[in-house]
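Residues per chain are reported as follows:
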Amino acid sequence: MSEFVLLSEAVEAVMSDGDAVAMEGFTHLIPHAAGHEVIRQGRRDLTLIRMTPDIIYDQLIGMGCAARLVFSWGGNPGVGSLHRFRDAVERDWPIPLEIEEHSHAAMANAYDAGAAGLPFAVFRGYRGAELAQVNPAIKSITCPYTEEKLACVPSIRADVAVVHAQKANARGDVLFEGIVGVQKEAVLGAKRSIVTVEEIVDEFEGTGPNAVILPHWTVGYIAVVPGGAHPSYAHGYYTRDNGFYKMWDEVSRDRDSFRAWIKQHVLEGGPQDFARHAAAA
Amino acid sequence: MRQRPEGERTMSDYSAQEMMSVTAARALRNDDVCFVGIGLPSEAANLARLTHAPGLTLIYESGTLGTQPSVLPLSIGDGELCETALTTVSVPEMFRYWLQGGRITVGFLGAAQIDRFGNINTTVVGEYGDPKVRLPGGGGAPEIATSCGEIFIVMRQSKRGFVDKIDFVTSLGHGTGAGDRERLGVTTRGPTRLMSDLCIMTSDPETKEFVVTSIHPGITAEQIVENTGWTVRFALDVEETPRPTKAELAALRDLKARTEAAHRVPQTGEAAE
């Protein structure tokens, strides 16, 4: 049953050191404000799960919040490297980062299986791909009907799913629009969840009968954080800040400039700082 | 490393980069359904849609089906892709129904490293467990490479990228040669064409090795040899690639100018604070 709280209260309530956390949003609706809150609260030893680690996990990894990363594409989309991710993998800075690496198809299937309550996902994949040799979680299974050999991976059932959405209604149902990624699957597969939203409305209006909605009885905590997906975007509210992604390449390249940026914009900031991104649209 | 400065490849009225994108775009047909990688493949696929292939269906892994962006996306999930799409599906549906389901005729990919059989590395330079350079990884590519009807590749040609042996097989091409895909249970054609800034290579029907079949105007066979890390073979009847037409160049330059204007600066100036 969903409950409206402050973002800080939500993170405090559901996330502990050592948890497996899936902060999802495929390029769109990435819960950046929630990521900042996790850094401020100093969570440690997390297993971070996300198809595209993106800037949100670059920040958490660079601040030493993660012991382990489960992912399928670790770049700065359209720009290049995630420098904090690379520094952790290549040079153990600030702490060593264990990785469990997959393909997108594997993770998408694993989230789907998690939402479906299955122990693993089966799909036609990883054929001739070397990841299957370096990631022991990737196994194969023989179809009992056709004897086709198929790939399988464990389902993703995080301790905590964290996502951002456009709207919640007064009852606490949550509406997603646009590129919906794996958010629904991540929340349904997780034990606990936090949803940040752009706004609360009395009733959803103008949605079609097939709108992507998580009912209030599937959602944990909801926090209203306008602009909370910046520098990614919220369809219908504000656009992707592509310039920020390019700027991050410079800021994150150097350990000191990264830490200075985090100090100023995260440690000394708060969720309210994101509102100007929504207002700028 | 590249053997000659970029300037020597620049024609009077178009660049080597433009030659590559135009050549890559021409490979797509009007009735193709194309799974588009970000970067050079996206540029080529959209140029094709804006020139000779208006019926081309573009699909990006973020879930956008039949998208018609007016500017090139910086990421695989820019809002422009969703706003101009016929429909947008979830990412599990994209990979399960549309890619694995066999609905895509062409996968268009780029690469950090490629070998003569079209095997692609986008994962690491050096050892996986102790990488010299950690690259972003596979993303959608491992299954794009085996589930699409065929694979086109576009990338700049250099000894660093076109290597004798790739450090990691992120995505399967033809493995070690003819018959490997079939042995792995893969029924699709795999890499058939590679478009670079120097030439077009096509996969030899017998050996599956990439063979130079067309050389871009003003480029010599020696330049291609110097920028390829394996002993490169040339077809018996190598053609000269047709120059970009005025219409192709105009469409490409318009597209790039619109894109540049759209992606210029941080919206909030946070970096400058």
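One can find the structure itself at the top, above this paragraph.
Values in this document were obtained by computation on a predicted structure and should not be read as measured data.

Participant: With reference to specific residues and values, describe the interface of chain B and chain A.
Facilitator: Each partner contributes residues to the interface: chain B has 47 residues there, and chain A has 56 residues. Buried area between chain B and chain A, both sides added, is near 4,500 Å², and the carbon and sulfur share of it is 58%. Here chain B and chain A share 2 salt bridges between them. The partner of B:Asp78 in a salt bridge is A:Arg240, and the shortest N-O contact between them spans 3.9 Å. Counting the contacts that link chain B with chain A gives 19 residue pairs in polar contact (both at pLDDT 80 or more). Broken down by secondary-structure element, the contributors of at least two residues to the side of chain B that touches chain A are α3 (79-83), α4 (91-100), β9 (131-134) and α5 (141-147) of chain B. With 5 residues, α4(B) is the single largest residue contributor to the side of chain B that touches chain A. Among the residues making up the side of chain B that touches chain A, the classes are represented as 19 nonpolar, 19 polar and 9 charged.

Participant: Lay out empty space enclosed by the protein in plain terms, naming residues and giving numbers.
Facilitator: A complete count under the given rule lists 3 cavities of 30 Å³ or more for this structure. Estimates place the volume of the second largest cavity at around 40 Å³. Lining the second largest cavity, in full, are A:Ala105, A:Asn109, A:Phe123, A:Arg124, B:Phe95, B:Arg96, B:Leu99, B:Gln100, B:Glu143 and B:Ser147. Those elements that place two or more of their residues in the lining of the second largest cavity are α5 (104-115) of chain A together with α4 and α5 of chain B. No other element matches the 4 residues that α4(B) contributes to the lining of the second largest cavity. The class makeup of the residues in the lining of the second largest cavity is 4 nonpolar, 3 polar and 3 charged.

Participant: An account of the pattern of salt bridges is needed here, citing residue identities and associated values.
Facilitator: Residue and element names in this part refer to chain A. Going through the model one piece at a time under the given rule, you end up with 28 salt bridges over all chains. With its nearest N and O atoms 2.8 Å apart, the salt bridge here joins Glu90 to Arg86. Placement of the pair is Glu90 and Arg86 together in helix α4 (residues 83-91), with a separation of 4 residues, close to one helical turn. Exposure remark for Glu90: the relative accessible area of 14% places this residue in the buried category. Asp159 is the salt-bridge partner of Lys191, the closest N and O atoms lying 2.9 Å from each other. Placement of Lys191 in the loop between α7 (183-189) and β13 (192-201) and of Asp159 in the loop between β10 (149-154) and β11 (160-169) is noted, with a sequence separation of 32 residues between them. By relative accessible area, which is 59% here, Lys191 ends up exposed. The class for Asp159 is buried, based on a relative accessible area of 17%.

The rules behind each value
- Residues numbered from 1 in each chain as written.
- Chains lettered and ligands numbered in written order.
- Predicted model: local features only at pLDDT ≥ 70, side-chain atom pairs only at ≥ 80, totals over all residues.
- Heavy atoms only, no water.
- Contact = heavy atoms within 4.5 Å.
- Buried area = accessible area lost by both parts, 1.4 Å probe.
- Salt bridge = Lys/Arg side-chain N within 4 Å of Asp/Glu carboxyl O.
- Polar contact = N/O pair within 3.5 Å; in protein donor to acceptor, adjacent residues only side chain to side chain.
- Helix = DSSP H or I, 4+ residues; strand = E, 2+ residues; numbered from the N terminus.
- Nonpolar A, V, L, I, M, F, W, Y, C, P; charged D, E, K, R; others polar.
- 1 Å grid on protein atoms, 1.4 Å probe; cavity = no way out; pocket = protein on both sides within 12 Å on 5 of 7 lines; lining within 4 Å.
- Points joined across faces, edges and corners; volume = space filled by probe spheres on them.
- Buried < 20%, exposed > 50% of the residue type's maximum accessible area, 1.4 Å probe, protein only.

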